[in-house]
Amino acid sequence: MADAYDLIVIGTGPGGYVCAIRAAQLGLKVAVVEKRETYGGTCLNIGCIPSKALLHASEMFDEAGHGFEKLGIKVGTPKLDLKGMMKHKDEVVEANVSGVAFLFKKNKIDTYQGTGKVEGPGKVSVTPDKGKAQTLETKAIVIATGSASANLPGIEVDEKQIVSSTGGLELTKVPDHLVVVGAGVIGLELGSVWRRLGAKVTVVEFLDTVLPGMDGEVRKQFKRMLEKQGLEFKLSSKVTGVEKSGKKLKVSVEPAKGGEAATLDADIVLVSIGRTPYTEGLGLKEAGVEMDERGRVKTGDGFKTNVDGIYAIGDVIAGPMLAHKAEDEGIAVAEILAGQHGHVNYDTIPSVVYTHPEVAVVGKTEEQLKEAGIEYRAGKFPFTANGRARAMNATEGFVKFLADKKTDEVLGCHIVGVGAGEMIHEVCVLMEFKGAAEDLGRICHAHPTMSEAVREASLAVDKRPIHM
Ligand code: FAD
Ligand code: NAI
């Protein structure tokens, strides 16, 4: 029997690795178990990081081809070196995953490569790809095994022609026609990448909108922006089958409510219809750990499962499947295990879609406020009226604040615009401190910045923006 630990974390995604580091900082003896060869989970290996590398590179390619001339720069037609772009992506991933390995060493965290299985409270077995399994002892176990792409029934993902996001980040050739199933975050981000690199992109979405769940005004205007970039949408539609014929695919699309099927010719189909919690081979059922109706590990106060000493965080439990949500839960559970009072405020978790322009939101949508019967005032400011945005040719989009009608407390903020993902954070801070729209309106913002539009939108709640 190996050493006894205070904590063993299964999975080293943003939830698991951050949890392990925070626990080690607080003096706990910690080990992590990871079945991949590299650390960092979905996010660093096949998710957030590689997708952002390709989003950025493809944006630069598009900018060089279509944006430079307006700024008085002539570069001719840029040529795509897809291999070079993929190399950039792979190097970024490598730097990040080895960064996590360094942090484990620095914090004296023991690492075990292999599949972790809960053998009961206080016992975790590790089965490596090669070699013998061993059992470790620990006071607490944190399950941070994340999620995997959801499948479309009857359609087999081969990661070559029919791909999940993983294959969609690895294509060796720009497809002539990419059919994306699902107009959620992955579909729109990866659809944008391949559209900018030259593919025709058709997005088939079951519901009657892109980005379901987001604020209605954002969804409507954002879809128009994507259409202007050349993405085509088939809303209220479902893919019912994909037939392979050599290098080509025949995609059957039906109205969501049923009806006559149409066929789309494609060379790649990207399935991005959501993700499901990953609990395969973990031994949770045998250990008596309860799951919810959607196959997620059920947790109560302090991320505890129903079995003493077993906790869970990140994509494998309820809540938005976001890296920063997983990280914050990792920190909170580590602090709880060290006797502190870790907690996560789910009302101020931002969400960002890293398209061009970006969409960044925090808090409630207008639809949610209406449904809850909460009276609110809205303030909106367009980037067309912002000097820096004009200077940068980035006038698409707007900032919208929603504040309580009586108290002026900010209840939500929705930004569509270049750099929205950075700008949203001042609103997160404001909301964390229960700030009012007027509070933000009275804070000096540097000129000229895109963030001035955030301030102006907060002033617009009281109908007094200066530049509109
Ligand atoms: P994961 O990151 O999924 O990590 C779980 C780890 O557990 C994996 O390494 C897995 O190998 C390991 N594991 C599983 N079972 C076992 C076992 N039995 N034994 C040992 N190890 C095991 N979120 C954002 O916030 N921003 C983004 O920009 C963003 N972009 C994304 C882009 C894509 C293409 C995808 C697919 C996702 C993206 N996400 C993004 C979502 C984000 O990746 C997840 O929310 C996040 O990774 C969840 O973290 P986690 O720690 O819960 O799990
Ligand atoms: P998603 O939940 O964002 O979107 C899935 C979309 O597919 C929805 O619009 C849904 O209505 C649609 N859909 C479901 N079944 C369908 C069907 N049969 N036919 C057509 N459409 C169908 O899921 P996605 O894009 O796969 O992303 C998974 C998770 O990864 C998300 O929860 C997201 O939070 C996370 N992620 C976050 C990113 C970010 O923060 N920037 C980037 C990428 C992923």
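Residues numbered from 1 in each chain as written. Chains lettered and ligands numbered in written order. Predicted model: local features only at pLDDT ≥ 70, side-chain atom pairs only at ≥ 80, totals over all residues. Heavy atoms only, no water.

Undergrad: Looking at this structure, I do not really get the pattern of salt bridges. What am I missing?
TA: Tallied over the entire structure, the rule returns 28 salt bridges. A salt bridge links Arg-377 to Asp-462; the shortest N-O distance between them is 3.1 Å. Remark: Asp-462 occurs in the segment after helix H14 (451–460) and Arg-377 occurs in strand S20 (residues 376–382); sequence separation between them is 85 residues. Residue Arg-377 is classed as partly exposed on the basis of its relative accessible area, which comes to 27%. When salt bridges that share partners are traced, they join Arg-377, Asp-408, Glu-438, Arg-442, Asp-462 and Arg-464 into one network. (Salt bridge = Lys/Arg side-chain N within 4 Å of Asp/Glu carboxyl O. Helix = DSSP H or I, 4+ residues; strand = E, 2+ residues; numbered from the N terminus. Buried < 20%, exposed > 50% of the residue type's maximum accessible area, 1.4 Å probe, protein only.)

Undergrad: Looking at this model, I keep getting lost on the domain arrangement of the chain. Mind explaining?
TA: Interfaces are frequently sized by the accessible area removed from exposure as the parts join. As assigned here, the chain comprises domain 1 (4–149 + 276–344), domain 2 (162–273) and domain 3 (348–460). Taken together, the contact pairs 18 residues of domain 2 with 20 residues of domain 3. Buried area between domain 2 and domain 3, both sides added, is near 1500 Å², and the carbon and sulfur share of it is 60%. One salt bridge in this structure joins Lys-380 and Glu-217, with 2.5 Å as the shortest N-O distance. Joining domain 2 to domain 3, the criterion identifies seven residue pairs in polar contact (both at pLDDT 80 or more). Where the side of domain 2 that touches domain 3 is concerned, the elements lending two or more residues are helix H6 (185–196) and helix H7 (216–228). Each residue belonging to the side of domain 2 that touches domain 3 can be placed in one class, and the counts come to seven nonpolar, five polar and six charged. (Domains from an automatic or database assignment. Contact = heavy atoms within 4.5 Å. Buried area = accessible area lost by both parts, 1.4 Å probe. Polar contact = N/O pair within 3.5 Å; in protein donor to acceptor, adjacent residues only side chain to side chain. Nonpolar A, V, L, I, M, F, W, Y, C, P; charged D, E, K, R; others polar.)

Undergrad: Would you take a moment to explain the site of ligand 1 for this structure?
TA: Not every one of the 39 residues close to ligand 1 is listed here, only the nearest: Glu-34, Thr-42, Lys-52, Gly-116 and Ala-323. Between ligand 1 and Glu-34, the relevant distance is 2.6 Å, taken from an oxygen atom to a side-chain nitrogen or oxygen of the residue. Contacts to ligand 1 include Leu-322, whose backbone N or O atom sits 3.3 Å from an oxygen atom. Burial of ligand 1 by the protein amounts to 94% of the accessible area it has alone, namely 1000 Å². Only helix H1 (14–25), strand S2 (30–34), helix H2 (41–46), helix H3 (48–66), strand S4 (115–120) and helix H9 (323–337) provide two or more residues apiece to the shell around ligand 1. Counting residues per element, the shell around ligand 1 draws most heavily on H2, at four residues. Of the residues in the shell around ligand 1, the class split is 15 nonpolar, 18 polar and six charged. (Near = heavy atom within 4 Å. Areas by Shrake-Rupley, 256 points an atom, 1.4 Å probe, with all protein chains shown as cover.)

Undergrad: What should I look at first to understand the site of ligand 2 in this one?
TA: In the region of ligand 2, 21 residues are neighbours, and Ile-186, Glu-189, Glu-205, Gly-274 and Val-352 sit closest. A distance of 2.9 Å separates a nitrogen atom of ligand 2 from a polar side-chain atom of Glu-189. Between Gly-274 and ligand 2, the recorded distance is 2.9 Å, taken from a backbone N or O atom to an oxygen atom. In isolation ligand 2 has 840 Å² of accessible area, and contact with the protein removes 78% of it.

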